[in-house]
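Descriptive structure summary
Next come the chains, spelled out residue by residue.
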Amino acid sequence: MNGMKVTIDHDQCIGAGQCVLSAPEVFDQRDDDGTVMLLDEKPAEAVQGRVRDAVHLCPAGVIEVDE
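Residues numbered from 1 in each chain as written. Predicted model: local features only at pLDDT ≥ 70, side-chain atom pairs only at ≥ 80, totals over all residues. Heavy atoms only, no water.

Points about the pattern of salt bridges
- One pass over the full model with this rule turns up four salt bridges.
- Linking glutamate 25 and arginine 50 is a salt bridge whose minimum nitrogen-to-oxygen distance equals 2.3 Å. With glutamate 25 in the loop between helix H1 (18–22) and strand E2 (27–29) and arginine 50 in helix H2 (residues 48–57), this residue pair connects regions lying 25 residues apart in the sequence.
- You can call arginine 50 partly exposed: its relative accessible area is 33%.
- Across the pair arginine 30 and aspartate 33 runs a salt bridge whose closest N-O atoms are separated by 3.0 Å. (Salt bridge = Lys/Arg side-chain N within 4 Å of Asp/Glu carboxyl O. Helix = DSSP H or I, 4+ residues; strand = E, 2+ residues; numbered from the N terminus. Buried < 20%, exposed > 50% of the residue type's maximum accessible area, 1.4 Å probe, protein only.)

Here it is in structure tokens:
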């Protein structure tokens, strides 16, 4: 079941970094403003649980997962 697709609303990101702490293989932050960068929009099954955690931990609610 590797049908997960991650999208980000960059305009609403507040740079809290919880996503990076949860799944650094999938998320990073820009150096200039801390806004999230999506490294892998279709993450491997092994990290999908951590991506779901990132969705729930994001204080701005900018991460969406389509499964």
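Next comes the rest of the description.
Here we look at the pairing of strand E1 (residues 5–8)
- Side chains Val6 and Ile8 of E1 all project onto a buried face; the interleaved residues Lys5 and Thr7 project onto a face where none is buried.
- Pairing of E1 with strand E4 (residues 63–66), which is carried by four bridges, proceeds in the antiparallel orientation. Each bridged residue has a counterpart across the sheet, and for isoleucine 8 the counterpart in E4 is isoleucine 63. (Pairing = 2+ DSSP bridges.)

Topic: H2
- Those residues of H2 that sit buried are Gln48, Val51 and Ala54. For H2, the angular spread of buried residues about the axis comes to 105°, placing them on one side. (Arc of directions from axis to C-beta.)

Points about the environment of glycine 15
- Assignment of secondary structure puts glycine 15 in the loop between E1 and H1.
- The sequence separation of glycine 15 and glutamate 25 amounts to 10 residues, and the corresponding C-alpha distance is 17 Å.
- Beyond its immediate chain neighbours, meaning those up to four positions away, glycine 15 contacts Gln29 and Gly34. (Contact = heavy atoms within 4.5 Å.)

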